[in-house]
Amino acid sequence: MTERHTLALLLENTAGSLSRVAGLFSARAYNIESLSVAPTEDPTISRMTVVTSGSPQIIDQIVKQLNKLIDVIVLVDLSDGLRVERELLLVKMRHDNDLEKDKILKAVGKLEGALLDTTEGVSTAEITGSSAQLDEFVRLVDSSILELARSGTLGLQLGPKSLNSK
Amino acid sequence: MDKQLRGAEIFVKALSDEGVEFLFGYPGGAVLHIYDEIFKQDKVKHILVRHEQGATHAADGYARACGRPGVVLVTSGPGATNAVTGIATAYMDSIPMVVFTGQVSTALIGNDAFQEVDCVGITRPCVKHNFLVQRVEDLAETIKKAFYVASTGRPGPVVVDLPKDVTAAVTSYSYPKTVTMRSYKPPVDGDPEQIHRACDLLLSAKKPMIYSGGGAVIGNASEELTKFARLLGYPVTQTLMGLGAYPGSDPQFVGMLGMHGTYEANMAMHHCDVLISIGARFDDRVTGDLEKFCPEAKIIHIDIDPASISKNVYVDVPIVGGVRSVLRELNQAIESSGRAPVDRATNLWWAQIKEWASLKCLDYDKTSKLIKPQSVIEALHKVTDGDAYITSDVGQHQMWAAQYYTFDKPRRWINSGGLGTMGFGLPAAIGVQLAFPDSVVACVTGEASFQMCIQELSTCLQYNLPIKVVSLNNRYMGMVRQWQEFFYESRYSNSYMDALPDFVKLAESYGHIGMRIDQPGDVVGALEEAFGLRDRLVVMDFITDQTENVYPMIAAGKGQHEMHLATDDRELA
């Protein structure tokens, strides 16, 4: 039985830390659905969100193996509790007539996205939502898409808990 | 202002302050500043090997024998890549080691400079951790961190990549006494609640089994393990890596388990109702087919590495902690419980085990006109009073050494269990002999493995290391031949060692003594003569029965109860 888990990590912001995580996933043949990483308010620490999938036993191993990496300071499996998960989508869509444009605007509006630019029959939009919502959006406008970029999922626990206090 | 030192001076001082005795290495362009400083001092003794793989295996052997981290220095590029096999070997067996690799100057990194490789990248999957030192100011602290990480928790090799300009730059020096890392906190003590659960389960067992591994050796838990087994009176089996932590000659020891373990150990594993794994990781060579592994057992697992628990086999009572401290707690819990094991039940269990043991699965033909390799190991045990440090290479001879040299003490059996690295034995013996100059050190090898790092005979001469090389020469890559016989209808594809050198002359040309023994009646005498030469290295070339196989055997993919025995070579199930 395959489960999807979102893992949040704080890790040392050193040159090799990203490749240690990526290397672990490829060496042990674990899945990465998405991975995003950026420095935190403390520039010596990066925060990473990994969305992965596997059997409960594999997820258990992924968590343990990540914890074993010397650069990993703290790891929380966000799927264990209440959380917020968001992903950003930047997308460029072609519309050859008003009907097509309307369809695109409707889809963007449905997810409370923002239209950033329209030039020569091409509109660029930004949309934030859960991965599933973004998947749904992509499906709706699929035939119009010229190009898209997705950030990968970001996540935080809800409530007073934080990775910093763990 | 503090005295300013060059990076190379800091390096040597830091090793000295860390208490490093030996530095196994080989010079080259990127580490010349360091070698110049090594020349100027005599605190850290440099051991010049003949190939960087030899340096890593020697440092590894040193660490396995004495418990202190082995230390290596090699140059950039090919120096580093040659060291990789030895680093991976140490990684698989959790051996503490710190490997310093030279690197091109920071300004050249990434430019495909002469003798440049991405050492941090290449070694990443086979180290516990690695560092690239980019500023001389970070050097001393990084060295301290490297030793700390390598030798604590589940030990392992740590690589420190040193760009040449960092070894030339200057700064003030002070070696930190301790170091803390916010991202690294190795566990020590087990959870008391889990320990009590384990205690209850153990005391209620009817068919218990103690399965101990390399963690009991590395974790220095021999005394605690012995006490634990004696308190309970339960049967003990050990993995290839665990041999010696519990005395091999003790009646509670039922032999090694796994692919070439004893019939009684594997059958007892298969039928047990409570299994306690102590610093062992349920390797595929131990478990055989996981579907058939210990079908009736509740499993307790003590390990310092949480990732080893429930990795291959689901564990009912996981205990994360150092085996020594957990066993101490467990022993205390058993003693203070006032309960004793279920006597009648375990008597029945022992009777069953003795019945399995009565098959005498390690018997072999003692009337052969050819030298039986097993007999050489038994004679070796006799001649060395069972008290030698035995290193080995990889293959049939390794299994025979494990089966027939009864190890009564930990750290006496030095072999590459996880990675299975041919060429390990001789350089590892160098490290062991340096750690214990007055002890008897023998390298059990075969003519194939021996040739993989044979150049280190030269190192042995340079440092007067009186290692005894016991080569079981069957003119085949024996284990490959055995598998080809069993599973490839005896098509011996490339497993035949054609054009062998004259090992006697070869030993002599390296300045040592060579002996060739081809009669069974000469085995003991030859060993006595060789081990009598206390200050000389002797290469003993035993011409053994080419057709001998390692038995018993569980074929890959079979269950532990499905063993082949030598006596009838048929499946017992």
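Quick note: structure is the one above.
Chains are numbered independently. Their residues run from 1 in the order of the written sequence. A letter from A marks each chain and a number from 1 marks each ligand, given out in the order of writing. A pLDDT threshold of at least 70 governs which residues receive local features in this predicted model, and a stricter bar of 80 or more applies before side-chain atom pairs are shown or counted, although totals over entire chains, interfaces and linings include all residues. Calculation of side-chain values draws on the structure's entire complement of heavy atoms; hydrogens and water are dropped beforehand.

Chemist: It is not clear to me how the overall build of chain A should be interpreted in this structure. Could you clarify?
Modeler: Secondary structure elements follow DSSP: runs of H or I of four or more residues count as helices, runs of E of two or more count as strands, with numbering from the N terminus. The helix and strand tally for chain A stands at four helices and nine strands. When the helices and strands of chain A are placed in sequence order, the string is β-α-β-β-α-β-β-α-β-β-α-β-β. With respect to the three principal axes, the spread of C-alpha positions in chain A is 55 × 40 × 30 Å. Burial classification: accessible surface area is computed with a 1.4 Å probe over protein chains only, and a residue below 20% of its type maximum counts as buried, one above 50% as exposed, and the rest as partly exposed. Residues classed as buried in chain A amount to 42% of the 166 residues present. Working rule for contacts: check all heavy atoms of both residues, and any pair within 4.5 Å makes them a contact. When contacts within chain A are restricted to residue pairs at least 6 apart in sequence, those whose partners lie at least 24 apart make up 73%. Carbon and sulfur atoms form 54% of the exposed surface of chain A, whose accessible area is close to 8800 Å². In this tally, Asp and Glu contribute negative charge and Lys and Arg positive charge; neither His nor the terminal groups of the chain are included. A single reference atom marks each charge: NZ on Lys, CZ on Arg, CG on Asp, CD on Glu. Taken together, the 18 basic and 23 acidic charged side chains of chain A have centroids lying 5 Å from each other. Calculation of accessible area relied on Shrake-Rupley with a 1.4 Å probe; when residues are assessed, cover is drawn exclusively from the protein chains displayed.

Chemist: Is there a simple way to think about the overall build of chain B in this case?
Modeler: Helix and strand counts for chain B come out as 22 helices and 22 strands. Relative to a compact globule of 573 residues, whose C-alpha radius of gyration would be 25 Å, chain B shows 24 Å and is just as compact. Structurally, chain B occupies a C-alpha span of about 75 × 60 × 40 Å along its principal axes. When burial is assessed residue by residue, chain B has 60% of its 573 residues classed as buried. Long-range pairs, those at least 24 residues apart, make up 76% of the contacts in chain B with a sequence separation of at least 6. Only carbon and sulfur atoms are counted for the fraction: they give 50% of the accessible area of chain B, which is about 22100 Å². On chain B, the mean spot of the 52 positive side-chain charges and the mean spot of the 67 negative ones are 3 Å from each other. The reference for a compact globule is 2.2 Å times residues^0.38; the radius of gyration itself is calculated from the C-alpha atoms.

Chemist: Explain a nonpolar patch on the surface to me, please; I cannot follow it from the model alone.
Modeler: Exposure above 30% relative accessible area and no salt bridge define the residues that can form patches, which grow by joining like charges within 9 Å and nonpolar side chains of Val, Leu, Ile, Met, Phe, Trp and Tyr within 5 Å. A carboxyl oxygen of Asp or Glu within 4 Å of a side-chain nitrogen of Lys or Arg is what we treat as a salt bridge. Judged by side-chain polarity, L88, L90 and L116 of chain A come together as a nonpolar surface patch covering roughly 230 Å² of accessible area. Looking at where L88 of chain A falls in the secondary structure, it is placed in strand 5 (residues 83–94).

Chemist: What exactly am I supposed to notice about the interface of chain A and chain B here?
Modeler: A common way to state how big an interface is: give the accessible area lost once the parts meet. Between chain A and chain B, the contact holds 15 residues from the first and 16 residues from the second. Once two parts are joined, some of their accessible surface, as seen by a 1.4 Å probe, is lost; buried area is that loss totalled over both. Across the chain A to chain B interface the summed buried area is about 1500 Å²; carbon plus sulfur atoms make up 46%. Three residues stand out in chain A for area buried against chain B, namely R20, K64 and I70 of chain A, and they jointly supply 44% of the buried area on that side. On the surface where chain A and chain B come into contact, there are three salt bridges. Across the pair E12 of chain A and R182 of chain B runs a salt bridge whose closest N-O atoms are separated by 2.7 Å.

Chemist: Looking at this structure, I do not really get the nonpolar core. What am I missing?
Modeler: Note that soluble globular proteins tend to have their nonpolar side chains buried in a common cluster. Residues and elements named next belong to chain B. In plain words, nonpolar cores are sets of buried Ala, Val, Leu, Ile, Met, Phe, Trp, Tyr and Cys residues tied together by side-chain atoms within 4.5 Å. If you look at the biggest cluster of nonpolar residues, it comprises 68 residues, and the most contacted ones within it are F228, L330, M540 and F542. If near-sequence neighbours (up to four positions away) are discounted, L330 is found in contact with I195, A198, C199, L202, F228, I276 and I302. Counting 51 residues, the second-largest nonpolar core is a separate cluster that includes A83, I95, V469 and A507.

Chemist: What is the right way to look at the packing of aromatic side chains in this model?
Modeler: Each aromatic ring pair is summarised here by two numbers: the centre-to-centre distance and the angle between the ring planes. Residue and element names in this part refer to chain B. Any Phe, Tyr or Trp ring, taking Trp's six-membered ring, that has another such ring centre within 6.5 Å forms a pair; planes under 30 degrees apart are called stacked, those over 60 apart edge-to-face, and the others tilted. On inspection of all chains with the given rule, the structure shows 19 aromatic pairs over all chains. Each ring, one from Y476 and one from Y496, has its centre 5.6 Å from the other, and the planes form 70 degrees; the classification is edge-to-face. With Y476 in the loop between strand 18 (468–473) and helix 20 (478–487) and Y496 in the loop between helix 20 and helix 21 (503–509), this pair connects stretches of sequence that are 20 residues apart. Relative accessible area serves as the criterion here: at 45%, Y496 is assigned to the partly exposed category. Residues F486 and Y551 carry aromatic rings whose centres are separated by 6.1 Å and whose planes lie at 35 degrees to one another, so their mutual orientation is tilted. Of the two residues, F486 sits in helix 20 while Y551 sits in the loop between strand 20 (538–543) and strand 21 (563–564), which places them 65 residues apart along the sequence. The ring centre of Y389 lies 4.2 Å from the NZ or CZ of R412, which sits over that ring. We call a charge positioned over a ring when the NZ of a Lys or the CZ of an Arg lies within 6 Å of the ring centre and within 35 degrees of the ring normal.

Chemist: What is the right way to read helix 3 (residues 52–66) of chain B from this model?
Modeler: For an α-helix the count is 3.6 residues per turn, leaving residues at separations of three or four pointing the same way. All names here are of chain B. Helices are assigned an expected span. That span is 1.5 Å times one less than the residue count. Taking 1.5 Å of rise per residue, the 15 residues of helix 3 would be expected to cover 21 Å, and the 21 Å separating its terminal C-alpha atoms lies within 8% of that figure. Where burial is concerned, most of helix 3 is hidden: 15 out of the 15 residues are buried. Positioned one or two residues after helix 3, G67 has a phi angle of 90 degrees, which is positive.

Chemist: Even after reading the chapter, I still don't get the sheet that holds strand 20 of chain B, so can you show me in this structure?
Modeler: Whether parallel or antiparallel, the strands of a sheet pair through hydrogen bonds between backbone atoms. All names here are of chain B. For two strands to be treated as a pair, DSSP must find no fewer than two bridges joining them. Read across the sheet, six strands follow the order 16-15-17-18-20-19 without closing on themselves; strand pairing throughout is parallel. Edge positions in the sheet fall to strand 16 (413–414) and strand 19 (513–517), since each has one partner strand and no second. Alignment of strand 19 against strand 20, held across five bridges, turns out to be parallel. Paired with R516 across the two strands is D541, which belongs to strand 20. Contacts from helix 15 (residues 373–383) reach strand 15 (389–392), strand 17 (441–446), strand 18 and strand 20 within the one sheet, and its direction differs from that of strand 18 by about 160 degrees. Inter-axis angles, ranging from 0 to 180 degrees, are taken between N-to-C directions of lines fitted to C-alpha atoms, where helices are fitted over the stretch in contact.

Chemist: Explain the pattern of salt bridges to me, please; I cannot follow it from the model alone.
Modeler: Any two side chains of opposite charge can pair, on the condition that their charged atoms come close. Residue and element names in this part refer to chain B. Evaluated as defined, the whole model comprises 36 salt bridges over all chains. The closest approach of N and O atoms between R481 and E485, which form a salt bridge, is 2.8 Å. Within this pair, R481 and its partner E485 are both found in helix 20, separated by four residues, close to a single helical turn. Classification of E485 by relative accessible area gives partly exposed; the value is 28%. It is possible to trace a salt-bridge network through shared partners that takes in R6, D36, E37 and K40.

Chemist: Got a minute to help me understand helix 2 (residues 32–39) of chain B in this structure?
Modeler: Among all positions in helix 2 of chain B, only I34, Y35, E37 and I38 of chain B are buried. Buried residues of helix 2 of chain B, seen end-on, are gathered within an arc of 160 degrees and therefore sit on one face of the element. The arc in question is the one spanned by the directions pointing from the helix axis to the C-beta atoms.

Chemist: Help me out: how do you make sense of the pairing of strand 2 (residues 34–39) of chain A in this one?
Modeler: When a strand is regular, its side chains alternate between the sheet's two faces. All names here are of chain A. As judged from the six bridges shared by strand 2 and strand 3 (residues 45–54), these two strands associate in the antiparallel manner. Residue pairing for strand 3: S36 is matched across the bridge by T49. Adjacent in sequence and paired antiparallel, strand 2 and strand 3 are bridged by five residues.

Limitation: the analysis is restricted to geometry and does not speak to function.
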